[in-house]
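# Geometric and topological summary
For reference, the chains in residue letters:
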There are 2 protein chains.
Amino acid sequence: MELSERKGRILATITETYIVTGEPVGSKYLSASAGFRVSSATLRNEMAELSEMGFLEQPHTSAGRIPSQNGFRYYIDRLMGLYEPSSVDIFRIRSRMDSNEGDPQKLLASAASVLAEMTGCAAIVTTPYSAGSHIRRTDLVPLGGRNVMMVVSVSNGTLKSRICRCDNEVSYEMIDLFYKIAASAFADRAPEEITLPLVQTLAASLGDHAFEMAPLLTAFADAAREAAVTDVLTAGLSNILRHRDFEGRGASLQEFLRNRSNAVRLLRAGTDGQVRVILGSENRCRELLNASVVCAGYSAHGREAGMLGIVGPMRMDYAAVVPLVRYIAGLVGAMLDENTE
Amino acid sequence: MELSERKGRILATITETYIVTGEPVGSKYLSASAGFRVSSATLRNEMAELSEMGFLEQPHTSAGRIPSQNGFRYYIDRLMGLYEPSSVDIFRIRSRMDSNEGDPQKLLASAASVLAEMTGCAAIVTTPYSAGSHIRRTDLVPLGGRNVMMVVSVSNGTLKSRICRCDNEVSYEMIDLFYKIAASAFADRAPEEITLPLVQTLAASLGDHAFEMAPLLTAFADAAREAAVTDVLTAGLSNILRHRDFEGRGASLQEFLRNRSNAVRLLRAGTDGQVRVILGSENRCRELLNASVVCAGYSAHGREAGMLGIVGPMRMDYAAVVPLVRYIAGLVGAMLDENTE
DNA sequence: ATTAGCACTCTGTGCTTGTGAGTGCTAACC
DNA sequence: GGTTAGCACTCACAAGCACAGAGTGCTAAT
């Protein structure tokens, strides 16, 4: 359904005013302060039609209009102009993210915190998918005594390290044996292939050494399992409480997002690396009825690698947020590429 | 000031009832349902005296009494009996904390989350102090390409790892050089002694190699600096919002605790490893006027190592919380000892 | 197609009133 | 002297009501 040029301008003005003020917008305000050169009565007629079409709604009879979910949708898809991040913003973003050279986990965490900070919303970032990746190498660092640190490095950029406690003093023979047998048997496998049974079969073949290697092998299986699941990082969950739109529901939405599997379900990447905006009930979940999600996929080494996005009130400054999310998704991808050239 | 036996019982009953219900307690309730064998008028007389002494106060004229801060103080110091954690609780605690064998950071993080979960309050845990500790060893793990992982292990149990990006392909000569020169020069020093100038002087003496070693050395200085500051872990900040005592102020208290330097200032260990309860204004900060802090120090290898505690409404179940904090502080110390035998 | 005018609707605020809970005080009692 | 019954008093809170203000929808005139 295509709106007339004037209806479009009215919808856009109402939406943008509402985004800023959070108050319903009345016909009087539009005719007096928003630069329309027609009377409030004319605007009322237009607004009545827009209401009938489902683009505007009234909180109550004697209030002004606010955009309905469909109104926001139309505004986002057809009316809004984008504000690309300013060079000051870009500088801020880069200087925050450059300080994590090399560590993908920290890189993603700071992407989340930058997103949260600059949008004032809650940010969600997934770690890279493990699909199609393989274990590149596994290293052991003796820490003295019975402790060893294990570092598993996966081709999608993921690094998992864990400290492993052996039953006896760690010997160089043990470490050598691990490298020779286990590491070589596991390298180039996909993380999700490394199951405990697989590791146990391997252990069985070690004969005498099986027992002393057990902690290392289970730690390895554990690390691989962890590398196989896409983790979810969040930041700025407390921002949720700042928005008066969430008053009352704020704490429960926060609780909802704190659950990682909930959080990750919200992000749905566009097919072509585009930013997607998912409004209210489009999220198909009760907690997000008056919230919206702006998300994008990031890619690394030319393939879709993960997703990131923000959750905020439906009344948010899409014109600025959409380009920001796009920019950060691109930057994360580029920095991941750089890390694992 | 010593209260008569009956006044003590009245204060304790009012406090305990108020802790459970959150409502002011009236004389009628006490005489009817709380097992006092005197009339409400008698209790009113006693309560009036307790009010005059500053142990009770009234939200308004026609309401019942609630304990004042001094009332809570007297109750905690002299009246309350402690409920040691049940064996079920102990089992829950241990099974949550045992899964972090070896990694002190994770151990402390799960201590925080157990504390938060079991008390329904926000939990704060500091990492071990660096005072008196020294760098035990530093290891490098080549991750392929230009990346190296550095693991700095400190004698107080702290481990700091960071990924470091070199300017060229990492060579074994480089790593060897680092081990030979730098690691030996730094080992057994206190983390706070490792300053950037110190590292730079060392680099200068490396001649030709100074340039290629620079990223490793700055990473090391960085890791040492990080190991020198006591970090603060928090958990369950969102619990703050659940307490109706914090209604309105909840978000700002949460914000206050999110600031680590604020959080750590709240914990004040007792002199003798005792649990300390710090009530409302005793915290000397506006945000905590109706909150209280229950904290204890934990020790490792026989010396005071760090602190942990919780922040919650003044109306909390001290009889259960105090022993719980004591138990977890002891357990953390014991587990840290075990980790770094 | 646009506009002025007017009746109508609904919210939010302030005011009043009534109710219930709990106290403080006094005088009687053991 | 400690304890108790009785009563007047205070205060928070909810309900009811009037009123102002904002904004609309409709009609008739331009």
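Predicted model, so just to flag it, every value in this text is computed and none were measured.

### Concerning the packing of aromatic side chains
Residue and element names in this part refer to chain A.
- Within this structure, the stated rule accounts for ten aromatic pairs over all chains.
- Taken together, a centroid distance of 6.4 Å and an interplanar angle of 50 degrees make the contact between Tyr 18 and Phe 72 tilted. Of this pair, Tyr 18 sits in helix α1 (residues 5-21) while Phe 72 sits in helix α4 (residues 69-79), and the two are 54 residues apart along the sequence.
- Given the relative accessible area of 2%, Phe 72 is considered buried.
- Ring-pair connections join several aromatic residues into one group, and the members of that group are Tyr 18, Phe 72 and Tyr 318.
- For the cation-ring pair, Arg 315 lies above Tyr 18, with the distance from its terminal atom to the ring centre recorded as 5.9 Å.

### Here's the deal with the pattern of salt bridges
- Inspection of every chain in the model, using the stated rule, returns 42 salt bridges over all chains.
- In this structure, the salt-bridge partner of Arg 162 of chain B is Asp 222 of chain B, at a minimum N-O distance of 2.8 Å. With Arg 162 of chain B in strand β6 (residues 159-165) and Asp 222 of chain B in helix α9 (residues 210-228), this pair connects stretches of sequence that are 60 residues apart.
- Taking the relative accessible area as the measure of exposure, Arg 162 of chain B reaches 11% and is therefore buried.
- Through salt bridges that share partners, Lys 160, Arg 162, Asp 222, Arg 225 and Glu 226 of chain A make up one connected network.

### Describing the protein's contact with DNA strand D
- DNA strand D sits among 20 residues. The nearest are Ser 27 of chain A together with Arg 6, Ser 39, Thr 42 and Thr 61 of chain B.
- One of the side-chain nitrogen or oxygen atoms of Arg 44 of chain A is found 3.2 Å away from a base nitrogen of DNA strand D.
- Take Ala 63 of chain A: an N or O atom from its main chain is 3.4 Å from a sugar or linking oxygen of DNA strand D.
- Elements with a minimum of two residues in the surface near DNA strand D: α3 (40-52) of chain A together with α3 (40-52) of chain B.
- At four residues, the largest contribution of residues to the surface near DNA strand D is made by α3 of chain B.
- Taken together, the residues that form the surface near DNA strand D break down as four nonpolar, twelve polar and four charged.

### Details of the sheet that holds strand β10 (residues 303-313) of chain A
Residues and elements named next belong to chain A.
- Reading across from one edge, β7-β3-β10-β9-β8 is the order of the five strands in this open sheet, with antiparallel pairing throughout. Since the sheet does not close on itself, it has two edges, and those belong to β7 (232-235) and β8 (276-279), each with one partner. Pairwise comparison of adjacent strand axes, ignoring direction, gives a mean angle of 20 degrees for this sheet.
- Alignment of strand β3 (residues 122-126) against β7, held across four bridges, turns out to be antiparallel. Pairing of Thr 126 across the sheet is with Val 232, part of β7.

Cut-offs used in this document
Residues numbered from 1 in each chain as written. Chains lettered and ligands numbered in written order. Predicted model: local features only at pLDDT ≥ 70, side-chain atom pairs only at ≥ 80, totals over all residues. Heavy atoms only, no water. Phe/Tyr/Trp six-rings, centres within 6.5 Å; stacked < 30°, edge-to-face > 60°. Helix = DSSP H or I, 4+ residues; strand = E, 2+ residues; numbered from the N terminus. Buried < 20%, exposed > 50% of the residue type's maximum accessible area, 1.4 Å probe, protein only. Lys NZ or Arg CZ within 6 Å of the ring centre and 35° of its normal. Salt bridge = Lys/Arg side-chain N within 4 Å of Asp/Glu carboxyl O. Near = heavy atom within 4 Å. Polar contact = N/O pair within 3.5 Å; in protein donor to acceptor, adjacent residues only side chain to side chain. Nonpolar A, V, L, I, M, F, W, Y, C, P; charged D, E, K, R; others polar. Pairing = 2+ DSSP bridges. Axes fitted to C-alpha atoms, helices over the stretch in contact; angles between N-to-C directions.

Nothing here speaks to function; it is geometry throughout.
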